[in-house]
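Residue-level listing of the chains:
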Amino acid sequence: MSSPEEKTLILKSSDNEEFLVKESVAVQCITIKNLVEDGCDLDAIPLLNVDSKNLAWIIEFMEKYADSTSTDAEKKDFDTEFVKKPFNDVLGLILAANYLNFPALMDVMCDACANEMKLWSVEQVREKFHIQNDYTEEEEKAVRAENFWAFE
Amino acid sequence: MHSFQSMLNYFPEEVLEHVFDFLTSHRDRNAVSLVCKSWYAVERFSREKVFVGNCYAISPERLIARFPRFRSLTLKGKPHFADFNLVPNDWGGYVQPWIESIVRGGVNLEELRLKRMLVSDESLELLATFFPNFKSLVLVSCEGFTTDGLAAIASNCRFLRELDLQENEVEDRRGQWLSCFPDSCTSLVSLNFTCLKGEVNLASLERLVARCRNLRSLRVNNAVPLDALQRILAQAPQLVDLGTGSFVHDPDTESYNKLETSMQKCTSITSLSGFLDVSARCLPAVYPICGQLTSLNLSYAPGIYSDELVKLICYCNRLERLLVLDTIGDKGLGVVASSCKELQELRVFLSDVYGIGNTAVTEEGLVAISAGCPKLNSILYFCQQMTNEALIMVAKNCPNFIRFRLCTLNPTVPDAITMQPLDEGFGAIVKSCKDLKRLSISGLLTDQVFLYIGRYAKQLEMLSIAFAGDSDKGMLCVLNGCKKLKKLEIRDCPFGNVALLADMGKYETMRSLWMSSCEVTFGACKTLARKMPRLNVEIINENDQIEASFDDKQKVEKMYLYRTLVGPRKDAPGFVWTL
């Protein structure tokens, strides 16, 4: 009977690629942890909302964070490099981390996203998030006035 | 594989909120609220800290309606010139209506930070009674309350972490407010009561410090003697920020030796202040921690002269922030320049407030500092004299100034060597320091200096002017050129109606404008008020003359105008007229 630390899981991405991950590493994702604890006995755990590109990155992150020999400084350096991805990929990872309920990755990616946003104008934020401005000119003026006159 | 577009449609609100959690500045949060209506909604329900730069620009009801879940509020009241006694005490800035609304609104207030507001004991009692999770009270330059109000806070705020009183006028009721902290209170992280004049129960203070194991910052008042300080330090070697009380003792005693020992154990102290009453012979007790200090405030220490200051400061090699009196002298500043290479902020205050003698610092001290301290970015400098040559050298040495405030003892003193105005010197400063946000100018100054300010000070947000300029042209240069200007305060300058009325829309892009003892007339103020309904134009007249007797051509003694979303205030006293 193999002990829990040695058990390996098969994670299957939405595009049917399979990844082997140690259970002790994979349970950093609370979604996976719950499946395992509920006694899921499928051959492979299907992650319907995570494609192989994202899953590979997530596993890279999980393995770094599960490694008890990496120091806080090393993790910070890793994070700094890890988040250097095109913005669309940053958003993709945020959604994947949310789906998998992976708090550490969520924090790192949301922080990275916020740091990008701090550098942009309102129009640029809309562009990058593909958001339609649904304010009328009057409404936008009123919000701007309230923001700048009262809350800044 | 989902398309990117459809992925974004599934961006849940809680994910957006998680991203917003990392946007802590109010500027960033204001920006995201403008992206679209759903972002506005997510942002407003998740904003926890609200900053209100002018308490009369908005009402508490509107604040609560927009941010129902806020927990921390920063409020500012009187304009800055109140610090120079130009604003009557009861002009306004009452916190009471804010607290009443916040109570009614069921807000879970945890933190309140007030600057230049009027605070009553009743206000403090409301805070203590209605906000069970109240954690942090910071009052700066406020007045209107007594130690009874502090007693209410101490008695009832079970989770109080921070009580920080800076430069407030507090009436002492001799009620032993500090003893009101119950034995169960162990949560204090920061306690500052330097500005209080009265006694506190020393035994209560020592017990309080002993049981608050998370205490990081302690600043006591003059009534706490050196031997009590020693007992406190023995209990709290973990302190990071210390403000001593009275620092007078016979150094040849056991008490003093014990202090030296206790001080040596305080290896975490990086910020030191106090010395409200000090004997130079006692200063060596702090030498062991000088090498750790990043912040040192000796501006309350009378009677320590240059030689003794220098002996202390030469050990402070990590100093980033230094506040001193001008008793340090140019020579002393030279020692600062060679010892404190990490210095970022310097403030040199007047020791001789009544202007009887000479100050001991001149342009030489400033030049020495600028040459020796490459990281300098913020300065407040009260001095006897200044020269253009010195300012030009300072500008060359320190292009990174964010705040530059110069104050000559004689407000219209010319260049000490050439007898010319100081226009060129300040011109060099604004030209070199591209990130300058705050500027106070002083000395003999013509319209030329304002030409430079308008042309070069593109990031300037706050400008203070006194006894400067020749004509309206000066003020116009500033209003036209400084696109990011938020606060403009002017006294005793020949600026009048033409400047005031040239670009009335400009004032809606600024927080406020103060003009006193200038050439602006009552009629012009009325015109401005009529044409710009979203500005409150206040005339402050303390001579109790009736409104009707004011002739349009009469010059206005004090005018304060500010943009507002809520119209004229209803709490203005009789001597303040909102036109």
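Structure: see above.
So, how was this worked out
- Residues numbered from 1 in each chain as written.
- Chains lettered and ligands numbered in written order.
- Predicted model: local features only at pLDDT ≥ 70, side-chain atom pairs only at ≥ 80, totals over all residues.
- Heavy atoms only, no water.
- Helix = DSSP H or I, 4+ residues; strand = E, 2+ residues; numbered from the N terminus.
- Areas by Shrake-Rupley, 256 points an atom, 1.4 Å probe, with all protein chains shown as cover.
- Rg over C-alpha atoms; globule rule 2.2 N^0.38 Å.
- Buried < 20%, exposed > 50% of the residue type's maximum accessible area, 1.4 Å probe, protein only.
- Contact = heavy atoms within 4.5 Å.
- Salt bridge = Lys/Arg side-chain N within 4 Å of Asp/Glu carboxyl O.
- Polar contact = N/O pair within 3.5 Å; in protein donor to acceptor, adjacent residues only side chain to side chain.
- Nonpolar A, V, L, I, M, F, W, Y, C, P; charged D, E, K, R; others polar.
- Pairing = 2+ DSSP bridges.
- Phe/Tyr/Trp six-rings, centres within 6.5 Å; stacked < 30°, edge-to-face > 60°.
- Lys NZ or Arg CZ within 6 Å of the ring centre and 35° of its normal.
- Axes fitted to C-alpha atoms, helices over the stretch in contact; angles between N-to-C directions.
- Parallel < 35°, antiparallel > 145°, perpendicular 65-115°, else oblique.
- Right-handed = clockwise from strand over helix to strand, strands pointing away.
- 1 Å grid on protein atoms, 1.4 Å probe; cavity = no way out; pocket = protein on both sides within 12 Å on 5 of 7 lines; lining within 4 Å.
- Points joined across faces, edges and corners; volume = space filled by probe spheres on them.
- Left-handed = near helix turned anticlockwise from the far one by under 90°.
- Arc of directions from axis to C-beta.

Asks: Explain the overall build of chain A to me, please; I cannot follow it from the model alone.
Replies: The secondary structure content of chain A amounts to 8 helices and 3 strands. Taken from the N to the C terminus, the helices and strands of chain A come in the order β-β-α-α-β-α-α-α-α-α-α. A principal-axis box enclosing the C-alpha atoms of chain A has dimensions of 70 × 35 × 25 Å. For chain A, the exposed surface amounts to about 8,300 Å²; the carbon and sulfur share of it is 49%.

Asks: Can you help me understand the overall build of chain B in this one?
Replies: When helices and strands are counted, chain B shows 21 helices and 25 strands. Relative to the 2.2 N^0.38 estimate, which gives 25 Å for 579 residues, the radius of gyration of chain B is 26 Å and therefore close to what a compact globule would have. Oriented by its inertia axes, the alpha-carbon framework of chain B measures out at about 70 × 70 × 65 Å. Put simply, chain B has 579 residues, and 57% of those count as buried. Long-range contacts, defined as pairs at least 24 residues apart, comprise 71% of the intrachain contacts of chain B with a sequence gap of at least 6.

Asks: Help me out: how do you make sense of the interface of chain B and chain A in this one?
Replies: Quoted interface sizes are often the accessible area lost when the parts come together. Taken together, the contacts link 47 residues of chain B with 39 residues of chain A. For the interface between chain B and chain A, the tally reads 4 salt bridges. Where R27(B) meets E152(A), a salt bridge forms, and the shortest distance between an N and an O atom there is 3.5 Å. The interface formed by chain B and chain A includes 15 residue pairs in polar contact (both at pLDDT 80 or more). Elements represented by at least two residues in the side of chain B that touches chain A include exactly α1 (4-9), α2 (13-20), α3 (26-33), α4 (37-46), β1 (49-52) and α5 (60-66) of chain B. Its residues placed into classes, the side of chain B that touches chain A shows 27 nonpolar, 8 polar and 12 charged.

Asks: It is not clear to me how the pattern of salt bridges should be interpreted in this structure. Could you clarify?
Replies: Pairs can form between side chains of opposite charge whenever their charged atoms are close. All names here are of chain B. Scanning the entire structure with this criterion turns up 35 salt bridges over all chains. Across the pair R27 and E461 runs a salt bridge whose closest N-O atoms are separated by 3.9 Å. With R27 in helix α3 and E461 in the loop between α18 (447-456) and β20 (462-466), the pair connects residues that are 434 residues apart, well separated along the chain. On the basis of relative accessible area, E461 is assigned to the buried category, the value being 19%. Taken together, the shared-partner salt bridges connect E48, R71, E110 and K135 into one network.

Asks: Explain the sheet that holds strand β2 (residues 18-22) of chain A here, please?
Replies: Within a sheet, neighbouring strands are paired by backbone hydrogen bonds and run either parallel or antiparallel to one another. Residues and elements named next belong to chain A. Strand order in the open sheet made by the 3 strands is β2-β1-β3, with mixed pairing throughout. Edge positions in the sheet fall to β2 and β3 (45-46), since each has one partner strand and no second. Here 2 bridges tie strand β1 (residues 8-12) to β3, and the two strands are oriented parallel to one another. Note that in β3 the partner of L11 across the bridge is I45.

Asks: What exactly am I supposed to notice about the packing of aromatic side chains here?
Replies: Each pair of aromatic rings is reported with the distance of its centres and the angle of its planes. One pass over the structure, following the stated rule, counts 26 aromatic pairs over all chains. Seen in terms of ring centroids, F247(B) and F275(B) are 4.9 Å apart; in terms of plane orientation they differ by 75 degrees. Their pairing is edge-to-face. Of this pair, F247(B) sits in strand β11 (residues 246-247) while F275(B) sits in the loop between β12 (271-273) and β13 (277-278), and the two are 28 residues apart along the sequence. The same class applies to F247(B) as to F275(B), namely buried. Taken together, the ring pairs connect Y56(B), F81(B), F84(B), W91(B), W514(B), Y560(B) and Y562(B) into an aromatic cluster. Above the ring of W57(A), the side-chain terminus of K85(A) is found at 4.7 Å from the ring centroid. It is K85(A) that lies over the ring of F82(A); its NZ or CZ is 3.9 Å from the centre.

Asks: Quick question: what am I supposed to make of the packing of helix α3 (residues 52-66) of chain A against helix α4 (residues 72-82) of chain A here?
Replies: Two quantities define a packed helix pair, namely the angle between the helix axes and the distance between the axes. All names here are of chain A. Across the interface, α3 lies against α4 with an axial gap of 11 Å and an inter-helix angle of 170 degrees. When the axes of α3 and α4 are compared, the pair comes out roughly antiparallel. Residues W57, E60, F61, K64 and Y65 of α3 form the contact with α4, whose own contacting residues are E74, K75, F78, D79 and F82. Among the residues forming the contact of α3 with α4, the class breakdown is 5 nonpolar, no polar and 5 charged.

Asks: Would you explain the pairing of strand β21 (residues 487-491) of chain B in this entry?
Replies: Residues and elements named next belong to chain B. In terms of strand pairing, β20 meets β21 through 5 bridges, oriented parallel. Bridged to M462 within β21 is K487. Running through helix α19 (residues 472-481), the crossover from β20 to the neighbouring parallel element β21 is right-handed. Where β21 and strand β22 (residues 512-516) come together, 5 bridges link them in parallel fashion.

Asks: What is the right way to look at empty space enclosed by the protein in this model?
Replies: Rolled over the atoms, a probe with the dimensions of a water molecule shows which regions are left empty. All names here are of chain B. All told, the structure shown has 2 cavities of 30 Å³ or more when counted by the stated rule. When its volume is computed, the largest cavity comes out at roughly 40 Å³. Lining the largest cavity are E345, L346, R347, S378, I379, L380, R403 and R405. The set of elements that each furnish at least two residues to the lining of the largest cavity consists of β16 (345-349), β17 (378-383) and β18 (403-408). Looking at side-chain class alone, the lining of the largest cavity contains 3 nonpolar, 1 polar and 4 charged residues. Looking at the second largest cavity, its volume works out to about 30 Å³. Taken together, M515, C518, V520, V556 and M559 make up the lining of the second largest cavity. Its residues placed into classes, the lining of the second largest cavity shows 5 nonpolar, no polar and no charged.

Asks: Where do I start with the environment of G144(B) in this structure?
Replies: Residue and element names in this part refer to chain B. Take G144: it is sitting in strand β5 (residues 143-146). Separated by 55 residues in the primary sequence, G144 and N89 place their C-alpha atoms 9.3 Å from one another. Not counting chain neighbours up to four residues away, the residues in contact with G144 comprise V119, S120, D121 and E169.

Asks: Is there a simple way to think about the packing of helix α10 (residues 226-235) of chain B against helix α11 (residues 254-265) of chain B in this case?
Replies: All names here are of chain B. Remark: α10 packs on α11, axes separated minimally by 9 Å, with the N-to-C direction vectors making an angle of 35 degrees. The way α10 lies across α11 gives a crossing that is left-handed. For the pair α10 and α11, contact is made by L226, D227, L229, Q230, L233 and A234 and by S255, Y256, K258, L259, S262 and M263, respectively. A breakdown of the residues in the contact of α10 with α11 according to their chemical character gives 7 nonpolar, 3 polar and 2 charged.

Asks: I keep staring at helix α13 (residues 306-313) of chain B and nothing clicks. Help me out?
Replies: Residues that lie three or four places apart on an α-helix share one face, since the helix turns once every 3.6 residues. All names here are of chain B. When α13 is considered as a whole, its buried residues turn out to be S306, L309, V310, L312 and I313. The arc that holds every buried residue of α13, seen down its axis, measures 160 degrees, which confines them to one face. Residues of α13 that are buried make contact with α12 (287-290), β14 (295-297), β15 (321-325) and α14 (329-339).

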